[in-house]
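# Geometric and topological summary
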Amino acid sequence: MGFAALLGTPAADAFAQSADLVLCDRIAADPSDPDKPADVKGVAEIAAADVATAIRFCKVAAAGSRRAQYGLGRAYAANRQPAEAAAAFRRAADKGSTAAMVELGLLYATGTGVPKSEDQARKLFEKAAEAGNPRGVTNLAALSGGAGAGAAGADPARQRALLAKSAEAGNAEAQYQLGLLLAAGTGGGKDATGARALFEKAAAQDHAGALERAGHFAAEGIGGDKDTTAAKAYYERAVALGNADAKPALERLRCPHVIKNKQGQVMTTLCW
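Residues numbered from 1 in each chain as written. Predicted model: local features only at pLDDT ≥ 70, side-chain atom pairs only at ≥ 80, totals over all residues. Heavy atoms only, no water.

If you check an unreviewed UniProt entry, the protein appears there as Sel1 repeat family protein from Rhodoplanes elegans.

Right under this line is the structure:
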């Protein structure tokens, strides 16, 4: 049987579906999607020139692939069709796509394409987090205010446990967020030593916030020995990455002595 004769047969449909999925993956796959095959690179953002093509091929492939359904949602989002994106993400999430759960949660958190609902966002982030999606964990932490206790609907102890799983897997944002919880004693006892270790691990991955915190802990001798040399290095890297809190901290470290007049006004600083 020739190729033309195969058209319209189940085998041809399977071949077309596979080809559509390959093309959908090529221009719309998310690099952080746990469903993504190892040989698919993915794109952080769908190129404007590829949006229409992505919608076309992902729409066909979505019939048999939750990954393609998620890709379709990304394509709609890139095409500024939030309602369509939300619908596609919801279908993918219903089929178990944790990446789609996170994206749909973000839409609920911002009220984009769906009615704004922090409760719905939290439920979706929690479901993704429980399935092991690092972005679900970190977005849940961010929604709950990071180290801030008492956020509506937040369960700090549970948040801490979820972050611990992701932190152990090497996720820098989870390490940073868990460090904040340990440092503040939110969701459990305070652990300055553990917090410092987590900040340092995340700092090694160039997490700007963790670099600033690692610098602070080293400068003040919190959770370990005081080390101004290490603190300066952490602060400098954080400043280079644009962390606003690191710059004044670095200046205070460089100029620790403040000279004041009798009225308490700062006259000058001594730097080295």
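On to the environment of D191. Here D191 shows up in the loop between α10 (172-184) and α11 (192-203). Residue classification places D191 among the partly exposed positions, given a relative accessible area of 32%. Sequence-wise, D191 and G223 are 32 residues apart; in three dimensions their C-alpha atoms are separated by 7.8 Å. Engagement of the side chain of D191 in a polar contact is seen with the backbone nitrogen of G194, the distance being 2.8 Å. (Helix = DSSP H or I, 4+ residues; strand = E, 2+ residues; numbered from the N terminus. Buried < 20%, exposed > 50% of the residue type's maximum accessible area, 1.4 Å probe, protein only. Polar contact = N/O pair within 3.5 Å; in protein donor to acceptor, adjacent residues only side chain to side chain.)

Disulfides are covalent bonds that link the sulfur atoms of two cysteine residues. Counted under the stated rule, the structure contains one disulfide. Note that C24 is cross-linked by a disulfide to C58, the S-S spacing being 2.0 Å. Sign of the S-S torsion, about 100° for the bond between C24 and C58, identifies this disulfide as right-handed. One end of the pair, C24, is in helix α2 (residues 10-28); the other, C58, is in helix α3 (residues 51-61), and 34 residues separate them in sequence. By the burial criterion, C24 is buried, and C58 matches it. (Disulfide = S-S within 2.5 Å.)

Bringing the packing of helix α7 (residues 118-130) against helix α8 (residues 134-143) into the picture now. Their axes nearest at 7 Å, the elements α7 and α8 cross at an angle of 145°. Along this stretch, α7 crosses α8, giving a crossing that reads as left-handed. Residues E118, A121, R122, F125, E126, A128 and A129 of α7 form the contact with α8, whose own contacting residues are G136, V137, N139, L140 and L143. Partitioned by chemical class, the residues of the contact of α7 with α8 number seven nonpolar, two polar and three charged. (Axes fitted to C-alpha atoms, helices over the stretch in contact; angles between N-to-C directions. Left-handed = near helix turned anticlockwise from the far one by under 90°. Contact = heavy atoms within 4.5 Å. Nonpolar A, V, L, I, M, F, W, Y, C, P; charged D, E, K, R; others polar.)

Where helix α5 (residues 82-94) contacts helix α6 (residues 98-110), the two axes come as close as 8 Å, and the packing angle between them is 140°. When the axes of α5 and α6 are compared, the pair comes out oblique. In this structure, α5 meets α6 at a crossing whose hand is left-handed. Residue-level contacts link P82, A86, F89, R90, A92 and A93 of α5 to A100, M101, E103, L104, L107 and Y108 of α6. Tallied by class, the residues present in the contact of α5 with α6 amount to 10 nonpolar, no polar and two charged. (Parallel < 35°, antiparallel > 145°, perpendicular 65-115°, else oblique.)

Quick look at α6 now. Here α6 spans 19 Å end to end across 13 residues, near enough to the 18 Å set by a 1.5 Å rise per residue. Of all 13 residues in α6, 10 are buried, a share of seventy percent or more. Regarding α6, the residues found buried are T98, A99, A100, M101, V102, E103, L104, G105, L107 and Y108. Those residues of α6 that are buried are in contact with α4 (66-78), α5, α7 and α8. (Expected span 1.5 Å × (residues − 1).)

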